[in-house]
Amino acid sequence: EQLDEERLAEIEKLKEALKDATVSYEYWVDKEYLVLRRIISYLEMVEPGDEETSSFTVKVTMEVDFPTYNLEVVVTPPEPTEMYQGTSI
């Protein structure tokens, strides 16, 4: 699908912000079986401010653990939901 101009502008703005970001990864590997057990990623970037807000630092830490392998995983679909359409008082 083609992206509209607004979406492309947002992507370019994000790419520019991430250009000066600090990103690092840690990989934890099991010594005995040589399998990946954990990935930790760190992201730090400065979000520029505007006339109303000052700039601030964004820090994101993400951890993914892989405690076991070769286990069957069963994913059940979520329950159907409906949007509440009542009136407010």
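Every chain begins its residue count from 1, and numbering advances along the sequence as written. With pLDDT at 70 or above as the cut-off, local features in this predicted model cover only qualifying residues; side-chain atom pairs require 80 or more to be listed or tallied, and sums for whole chains, interfaces and linings still use all residues. Water and hydrogen atoms were dropped before computing side-chain values, which therefore reflect all heavy atoms in the structure.

### What about the packing of aromatic side chains?
Put simply, two rings from Phe, Tyr or Trp (the six-membered ring, in Trp's case) pair if the centres are within 6.5 Å, and we call them stacked under 30 degrees between planes, edge-to-face over 60, tilted for the rest. Taken as a whole and judged by the stated rule, the model has one aromatic pair. For the ring pair Y25 and Y27, a centre distance of 6.3 Å and an interplane angle of 20 degrees mean the geometry is stacked. In this scheme, the term charge over a ring applies when either NZ of a lysine or CZ of an arginine sits within 6 Å of the ring centre and within 35 degrees of the ring normal. Directly above the ring of W28 sits R38, whose terminal nitrogen or CZ lies 4.6 Å from the centroid.

### Quick word on the side chain of S41
The helix and strand labels rest on DSSP assignments: H or I over at least four residues marks a helix, E over at least two residues marks a strand, and numbering proceeds from the N terminus. Checked against the element boundaries, S41 lands in strand β2 (residues 36–47). If we ignore the near neighbours within four places in the chain, the residues touching S41 are S24, Y25, V60, T61 and M62. By definition, residues are in contact when any of their heavy atoms lie within 4.5 Å.

### Regarding the pattern of salt bridges
The term salt bridge refers to a side-chain nitrogen of Lys or Arg lying within 4 Å of a carboxyl oxygen of Asp or Glu. Per the counting criterion, the structure on display carries six salt bridges. A salt bridge links K19 to E16, with the nearest nitrogen and oxygen atoms 3.1 Å apart. Here K19 and its partner E16 are both found in helix α1 (residues 5–19), three residues apart, which amounts to about one turn of the helix. Here's how the labels work: a residue is buried when its accessible area is under 20% of the maximum for its type, exposed when over 50%, partly exposed in between, all with a 1.4 Å probe on protein chains only. Judged by relative accessible area, which is 56%, K19 ranks as exposed. Overall, E16 belongs to the partly exposed group, its relative accessible area being 46%. Of the charged contacts in the structure, one is a salt bridge between R38 and D65, with a shortest N-O distance of 2.6 Å. One end of the pair, R38, is in strand β2; the other, D65, is in strand β3 (residues 56–65), and 27 residues separate them in sequence. Overall, R38 belongs to the partly exposed group, its relative accessible area being 24%. Overlapping salt bridges, with partners in common, bring together R38, E63 and D65 in one network.

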